[in-house]
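# Fold and geometry: a report
Listed here are the chains, written in short residue letters.
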Amino acid sequence: MMRIAEALEAFKPHRGDALVVPGRGGRYWVDLTTDQKMDVPLGDPAMGGHAGFALGLALAQPNRRVVLFDSEGDILMSLGILTTIAEQVPANFYHFLLDNEVYATTGGQPVPNAKNVAYDKMALAAGYPRAHAFEEIGDLSREIGGILSRPGPVFVALKVYPEVENQPIGQRRRWNTRSRDQVLADLKSSLR
Amino acid sequence: MNDAQAAALSPETVLRHMKDNGVTDVVWLPDSETNWLYLLMQAESSLRLVGVSREGHACSIAAGLFAGGRKPLILIQNTGMMESGDSIRGWLLGLNVPVVLMVGYRGWTRHGVTTDTAATYTERFLMAFGLNYYLVESDADASRITVAFEEAARTQRPVVVLVGDEYHGFNR
């Protein structure tokens, strides 16, 4: 397994001018990014929707890479979105999955059948042309540049350590320095 | 054209309103009576169709399309709209997405004797979410589609068009 921050560190040098939807990785990415206005950290508007949002963004901006850091809890709520993404075949879409096997924001309860789900194979079965799975940071670091240099859509499942939040939601550190309105306004101004 | 056809909402009319209002993408899940509209949309080169397998996906996809500068329309049935409650809350209302949802009003009878609970709860659902809506039953009132687009743009909120002609309008 790897830490989420390690996975994001491995991605960082390959970002280029990609739009990044950090999803559940947002609280780590906010400390790593060097191009905040091209980030779309929305927190959790409604669980299960990050992949749909990132797909829409990728379809709207076909000349920019869109990199999503999704989670297994989100994707399990919306498995059908994989077929929509595969049908649209967005060549600029890079779908990373942070799989910690638990619902980390609610105390670390396991997701259903947590240790036996092959998300990369699910993506392939849904029609993604390419998919990968990594458990070790060294393997990801070695391969990520090649993955991002080829056209999407591609699915990359990452086994990450559960970093469980046990504090009541209202007492947690607010990692996002911008409101959602500001995030979207910054994005629009960057895309002009 | 017979009286029934004259009183119907034609798919050509719906498509014309989409184009007149600059729709770029239709995010949709077909319901039982929209095949003719589907064929027309498919033949319309200015529209991209994004098919979903669950209506809630349409909300997050539409939010992403809007964030990226496009003008999506959501085309679903009332049953799926109710299924999508949390996505409407979080992705459309939460992100102030000015999108029009055209919603097939399954069970709509006009006379109040409603046997389909899909219709029973449709307008109650919309009121609970504070979503403004317009009922369109025929070509004669199709101009409300444009009213909905104008309102969405002005208020930066989703607006619903209930299509109360589900059982014959789209399905010649």
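Read on for a plain summary of the structure. Keep in mind that this is a model prediction, so the values were computed, not measured. (Residues numbered from 1 in each chain as written. Chains lettered and ligands numbered in written order. Predicted model: local features only at pLDDT ≥ 70, side-chain atom pairs only at ≥ 80, totals over all residues.)

### Focus: the overall build of chain A
Helices and strands together make up the secondary structure of chain A, namely 8 helices and 7 strands. Seen through its C-alpha atoms, chain A measures out along the principal axes to roughly 40 × 35 × 30 Å. Residues counted as buried form 43% of the 192 residues belonging to chain A. Contacts in chain A between residues at least 24 apart in sequence constitute 76% of all its contacts with a sequence separation of at least 6. (Helix = DSSP H or I, 4+ residues; strand = E, 2+ residues; numbered from the N terminus. Buried ≥ 20, exposed ≤ 12 C-beta atoms within 10 Å, placed from the backbone. Contact = placed C-beta atoms within 7 Å.)

### Brief notes about the interface of chain A and chain B
Residue-level contacts link 23 residues of chain A with 24 residues of chain B. Elements that contribute at least two residues to the side of chain A that touches chain B include exactly helix H3 (50–60), helix H5 (81–88) and helix H8 (180–191) of chain A. Residues that form the side of chain A that touches chain B fall into these classes: 12 nonpolar, 9 polar and 2 charged. (Nonpolar A, V, L, I, M, F, W, Y, C, P; charged D, E, K, R; others polar.)

### Examining the sheet that holds strand E2 (residues 48–51) of chain B
Residue and element names in this part refer to chain B. With respect to topology, 6 strands assemble into an open sheet ordered E2-E1-E3-E4-E6-E5, the strand pairing being parallel. Either end of the sheet is taken by a strand with one partner, and the two such strands are E2 and strand E5 (133–136). Neighbour-to-neighbour, the strand axes of the sheet open up by a mean angle of 20 degrees, direction not taken into account. The pairing of strand E1 (residues 25–28) with E2 spans 4 bridges and is classified as parallel. For tryptophan 28, the partnering residue across the bridge sits in E2 and is glycine 51. With respect to the sheet, helix H8 (residues 143–155) is in contact with strand E4 (100–104), E5 and strand E6 (159–163), its orientation differing from that of E6 by roughly 165 degrees. (Pairing = 2+ DSSP bridges. Axes fitted to C-alpha atoms, helices over the stretch in contact; angles between N-to-C directions.)

### Describing the environment of Arg174(A)
All names here are of chain A. The residue arginine 174 is located in the loop between strand E7 (154–159) and H8 in this model. Here arginine 174 falls in the exposed class, since 7 other C-beta atoms lie within 10 Å of it. Separated by 15 residues in the primary sequence, arginine 174 and lysine 159 have C-alpha atoms spaced 25 Å apart.

### Focus on the sheet that holds E7(A)
Residues and elements named next belong to chain A. Taken in spatial order, the 5 strands make up an open sheet running E1-E2-E3-E7-E6, and their pairing is parallel. Two strands in the sheet have a free side with no partner beyond their single neighbour: strand E1 (19–21) and strand E6 (130–134). With strand direction ignored, the average angle separating the axes of adjacent strands in the sheet is 15 degrees. Two strands pair when backbone bridges link them, and E1 and strand E2 (residues 66–71) are joined in this way by 3 bridges, in the parallel orientation. The partner of valine 21 across the bridge, within E2, is leucine 68.

### Side note on the environment of Val26(B)
Take Val26(B): it is sitting in strand E1. Along the primary structure Val26(B) and Leu75(B) are separated by 49 residues, whereas in three dimensions their C-alpha atoms are 6.8 Å apart.

### Considerations on the packing of H5(A) against helix H6 (residues 119–126) of chain A
Residues and elements named next belong to chain A. Contact pair H5 / H6: the axes reach a minimum separation of 8 Å and the direction vectors enclose 55 degrees. Taken together, the axes of H5 and H6 are oblique relative to one another. Classified by chirality, the crossing of H6 by H5 is right-handed. In contact with Leu82, Thr83 and Ala86 of H5, H6 contributes Met122, Ala123 and Ala126. Residue composition of the contact of H5 with H6, by class: 5 nonpolar, 1 polar and no charged. (Parallel < 35°, antiparallel > 145°, perpendicular 65-115°, else oblique. Left-handed = near helix turned anticlockwise from the far one by under 90°.)

### Notes on the pairing of E5(B)
Residue and element names in this part refer to chain B. In this structure, E5 lies alongside E6, joined through 4 bridges in parallel fashion. Each bridged residue has a counterpart across the sheet, and for valine 136 the counterpart in E6 is valine 163. Crossover E5 to E6 through H8 is right-handed. (Right-handed = clockwise from strand over helix to strand, strands pointing away.)

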